[in-house]
Amino acid sequence: MKVLRAKCILCDQVDKIEPFSLLAKQLRKKRKLSYLCDDCSERITQQTNERKKDGNFNLYKEEKTEDYIR
């Protein structure tokens, strides 16, 4: 059974992923999906939560141009 190898876009660490996992399926179907290792993902989550607490986090939503788009 082949394992899927994915490279983190931030730290260039190569991880082996089980071929039948949900993440592996998403990476195969959507080639533009970026992979983050667990360490980088956790670090980004912590930094985002700190910015939310400080009030320095702005979430920009796309403006609706047509009434039929929800």
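Because the structure is a prediction, the values reported are computed rather than measured.

Caption draft 1: Expanded view of the overall build of the chain. Helix and strand counts for the chain come out as 2 helices and 2 strands. Sequence-ordered secondary structure for the chain, helices as α and strands as β, is β-β-α-α. Taken over the C-alpha trace, the chain has a radius of gyration of 17 Å; the compact-globule value for 70 residues is 11 Å, which it surpasses by more than 25%. Its C-alpha atoms give the chain principal-axis dimensions of about 50 × 35 × 15 Å. Evaluated residue by residue, the chain yields a buried proportion of 16% over its 70 residues.

Caption draft 2: Representation of unusual backbone geometry within the structure. One non-glycine residue, D12, lies in the positive phi region at around 60°. Within the element layout of this structure, D12 appears in the loop between β1 (4–7) and β2 (14–17). Here D12 falls in the partly exposed class, since its relative accessible area comes to 49%.

Caption draft 3: Inspection of the nonpolar core at higher detail. The biggest cluster of nonpolar side chains holds 8 residues, and these are A6, C8, I17, A24, L27, Y35, C37 and C40. Each residue touching C8, except ones within four places of it in the same chain, is listed here: Q13, Y35, L36, C37 and C40.

Caption draft 4: Main features of the pairing of β2. Alternating positions in β2 separate cleanly, D15 and I17 being buried on one face and V14 and K16 remaining unburied on the opposite face. Of the pairings in the sheet, the one linking β1 to β2 comprises 4 bridges and is antiparallel in character. By the bridge assignment, K7 is partnered in β2 with V14. With antiparallel pairing between neighbouring strands as the criterion, β1 and β2 make up a hairpin whose turn holds 6 residues, including D12 at a positive phi of roughly 60°.

Cut-offs and rules
Residues numbered from 1 in each chain as written. Predicted model: local features only at pLDDT ≥ 70, side-chain atom pairs only at ≥ 80, totals over all residues. Heavy atoms only, no water. Helix = DSSP H or I, 4+ residues; strand = E, 2+ residues; numbered from the N terminus. Rg over C-alpha atoms; globule rule 2.2 N^0.38 Å. Buried < 20%, exposed > 50% of the residue type's maximum accessible area, 1.4 Å probe, protein only. Core = buried A, V, L, I, M, F, W, Y, C linked by side-chain atoms within 4.5 Å. Contact = heavy atoms within 4.5 Å. Pairing = 2+ DSSP bridges.

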